[in-house]
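# Architecture and fold: a report
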Amino acid sequence: QVLFGHAAVADPTRGRLRHAERSAREGFDLAFAREGGVDVRLDDWSLRQAGDRYRAVVQGDDFALQLDLDRVQAPLLQGDRGFSRKGPTAASASYYYSLPHLRVSGEITVDGRRRSVTGEAWFDHEWSSDVMDEQARGWDWMGINLDDGGALMAFRMRDASGGARWTAATLRSADGSVRTFSPAEVQWTPTRTWASPRTGAEYPVAWRVRVGEREFDVEPLMDDAELDSRSSTGTIYWEGPVRVKSADGRSAGRGYLELTGYAGRLDL
């Protein structure tokens, strides 16, 4: 079994994300993903769980992270009690849960300068033997910590023409009530694109996403968040932090956006 890891920190001075990757074959206690809890090691990277606390340690070439993430909400089960459909047939699916609004504290070191940080995070755990069907080319996904304490996950699988092959969303309100949305209730509409100067791929980095009766405008903190991982996982994709506003222009939350399949079909 081969393990892959990716980490990034925002660099406003460069207007882009700094990336770091690790990959290793499991064995000799240097790389593993143990069962029964979150206990992952990838050389000098690790993510471990102790009760409701997770500790992440990452060492890149020019940045490092040491973060404690405390769970303050119950896990959010995606789809049908954790079974998340990814296509018209049940064969394309995953088991999937999220931990929104993790309370974060720790240190980030960039170019040798260390600083203490606090904030919120979103943790996803998803596993499957078959996620994409043959007609899917890639996906658009976001996980959002809403300002009112709620949480939103939404995605769409795209076909070869760029249309929606399958869409879904889960919204947990501030009062803890959870609603899942069918494909007919979720719509992704791109509002702005960005073209990579390195690969030429064009990504729809800004969106209006409709979930049921609510609409959200999604804008990236920085456009240049492309990751070229052809030397490890063999894929090129875009993922980065975003701000979310409600349809009336008020701040609604912050989170993460992932765009795959725009630089070539993603095979999973």
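Up top is the structure these notes are about.
Residues numbered from 1 in each chain as written. Predicted model: local features only at pLDDT ≥ 70, side-chain atom pairs only at ≥ 80, totals over all residues. Heavy atoms only, no water.

### Quick notes on the overall build of the chain
Summing up its helical and strand segments, the chain has 0 helices and 21 strands in all. Scaling as 2.2 N^0.38, a compact globule of 268 residues should have a C-alpha radius of gyration of about 18 Å, and the chain matches this with 18 Å. Once the C-alpha set of the chain is aligned to its principal axes, its extents read approximately 45 × 40 × 40 Å. With the model as given, the accessible surface of the chain reaches about 13,700 Å², and the carbon-plus-sulfur share is 47%. Considering the chain, the positive charge centre built from 35 side chains and the negative charge centre built from 41 side chains are found 2 Å apart. (Helix = DSSP H or I, 4+ residues; strand = E, 2+ residues; numbered from the N terminus. Rg over C-alpha atoms; globule rule 2.2 N^0.38 Å. Areas by Shrake-Rupley, 256 points an atom, 1.4 Å probe, with all protein chains shown as cover. Lys, Arg positive; Asp, Glu negative; His and termini not counted. Charge placed at Lys NZ, Arg CZ, Asp CG, Glu CD.)

### Here we look at the environment of T260
With respect to the helices and strands, T260 occurs in strand β21 (residues 251-260). Considering only alpha carbons, one finds T260 and P197, 63 residues apart in sequence, at a separation of 17 Å.

### Side note on unusual backbone geometry
Most peptide bonds are trans, and most residues other than glycine sit at a negative phi. You will see that F28, though not glycine, has its phi angle at about 60°, which is positive. Within the fold, F28 resides in the loop between β2 (16-25) and β3 (31-33). Of note in the backbone geometry, D111 takes a positive phi value of approximately 55° without being a glycine. Tracing the chain through its elements places D111 in the loop between β10 (93-110) and β11 (113-130). Of the residues examined, D111 reaches a relative accessible area of 49% and is grouped as partly exposed. (Buried < 20%, exposed > 50% of the residue type's maximum accessible area, 1.4 Å probe, protein only.)

### Description of the nonpolar core
Of all hydrophobic cores here, the largest spans 29 residues; its most connected members are M142, L152, W188, Y203, W238 and L257. Contributing elements (two or more residues each) for this core: β12 (136-146), β13 (151-159), β14 (164-172), β16 (186-195), β17 (202-211), β18 (214-220), β20 (235-246) and β21. Among the elements that make up this core, the one with the highest residue count is β17 (5 residues). Beyond its immediate sequence surroundings of up to four residues, W238 is in contact with W194, Y203, V205, P220, M222, D223, D224, A225, E226, L257, E258 and L259. (Core = buried A, V, L, I, M, F, W, Y, C linked by side-chain atoms within 4.5 Å. Contact = heavy atoms within 4.5 Å.)

### Topic: the pairing of β18
In regular strands, side chains alternate between the two faces of the sheet. For β17 and β18, the ladder comprises 5 bridges, and the chain directions are antiparallel. Bridge pairing in β18 links R210 to E215. In textbook terms, the turn of a hairpin is the stretch between consecutive antiparallel strands, and for β17 and β18 this stretch comprises 2 residues, one of which, G212, has a positive phi near 60°. Judged from the 5 bridges that link them, β18 and β20 form a sheet pairing that is antiparallel. Within β20, the position partnered with V218 by the bridge is V244. (Pairing = 2+ DSSP bridges.)

### A closer look at the pairing of β10
Sheet topology places strand β7 (residues 63-70) next to β10; 8 bridges connect them, and they run antiparallel. Looking across to β10, one finds that L69 is bridged to V104. When strand β9 (residues 83-85) meets β10, the two strands line up antiparallel, connected through 3 bridges. If you follow F83 over to β10, its bridge partner there is Y95. Bridge count between β10 and β11: 15 bridges; the pairing is antiparallel. Counterpart to A93 in the pairing with β11 is D130. Connecting the antiparallel pair β10 and β11 is a turn made up of 2 residues, with D111 showing a positive phi of about 55°.

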